[in-house]
Amino acid sequence: YPLWLAAGMACGFADTRWLGVWTALPMIVLTALLAAWLAHRLGARYAMLFASVALLHPLPAFISARTMSDEFYAALGLAAVWGWVVARSASSSRTRWLLVIGCGALVSLQLLTRSTGLVTMGAIFVFTLSTWRAAWRELTLFVLLALTPALVWSVRSSQLEGRPVFVHSLVAYNF
């Protein structure tokens, strides 16, 4: 997330109001993509309902669209869950594996943004166990990709601290 903020500042968005728009940009783009996908799959009514909840609900629209990681974290998690659902129904093996890798990368970034990305991993795990029982290889790769950056960072932090440290960011607050 700090890299995303730095990119916004490098683009000239130094004012807090503009940074608020910048931090909301990932969710805005993702909502547009998901709404288009839903319109194609289920119809315009479902797409409009999803977009209304995702963009106009008071929490993302007025509270979290500040220069905090809430929007960024939510966009990463939503994209990962969406990608996993699409991977389940992918027609080709290559597409499925690319989506699995992408979902693992998204959740790894989400975990580095906030440790409660573990909840997203849990949701994907439960969904997989209940609907896609033959996906153990995909699930294993996903978990390895998702956890590796946080574990590497935790090892580094533990070495610097001289004691075991799990990288986290306000775990109790997030839950």
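Just above sits the structure.
Residues numbered from 1 in each chain as written. Predicted model: local features only at pLDDT ≥ 70, side-chain atom pairs only at ≥ 80, totals over all residues. Heavy atoms only, no water.

Trainee: Help me understand the packing of aromatic side chains in this model?
Mentor: Given two aromatic rings, their pairing is described by the distance between the two centres and the angle made by the two planes. By the definition in use, this model includes five aromatic pairs. Where Trp37 meets Trp82, the ring centres are 5.8 Å apart and the plane angle is 65°; that geometry is what we call edge-to-face. Note that Trp37 is positioned in helix H2 (residues 16–41) and Trp82 in helix H5 (residues 70–88), a separation of 45 residues in sequence. The exposure class of Trp37 is partly exposed, given its relative accessible area of 26%. Here Phe125 and Trp136 contribute two aromatic rings whose centre-to-centre distance is 6.4 Å and whose plane-to-plane angle is 70°, an arrangement assigned as edge-to-face. Here Phe125, found in helix H7 (residues 117–131), pairs with Trp136, found in helix H8 (residues 136–161); they are eleven residues apart in sequence, far enough to count as distant. A relative accessible area of 32% means that Phe125 is categorised as partly exposed. When its relative accessible area of 48% is taken as the criterion, Trp136 is described as partly exposed. (Phe/Tyr/Trp six-rings, centres within 6.5 Å; stacked < 30°, edge-to-face > 60°. Helix = DSSP H or I, 4+ residues; strand = E, 2+ residues; numbered from the N terminus. Buried < 20%, exposed > 50% of the residue type's maximum accessible area, 1.4 Å probe, protein only.)

Trainee: Sorry, what's going on with the pattern of salt bridges here?
Mentor: For side chains of opposite charge, pairing can occur when their charged atoms come near one another. Overall, the coordinates contain two salt bridges when judged by the stated rule. Its salt-bridge partner being Arg96, residue Glu138 comes within 2.9 Å of it at the nearest N-O pair. With a gap of 42 residues between them, Glu138 in helix H8 and Arg96 in helix H6 (residues 93–113) connect regions that are remote in the sequence. Overall, Glu138 belongs to the buried group, its relative accessible area being 3%. When its relative accessible area of 18% is taken as the criterion, Arg96 is described as buried. (Salt bridge = Lys/Arg side-chain N within 4 Å of Asp/Glu carboxyl O.)

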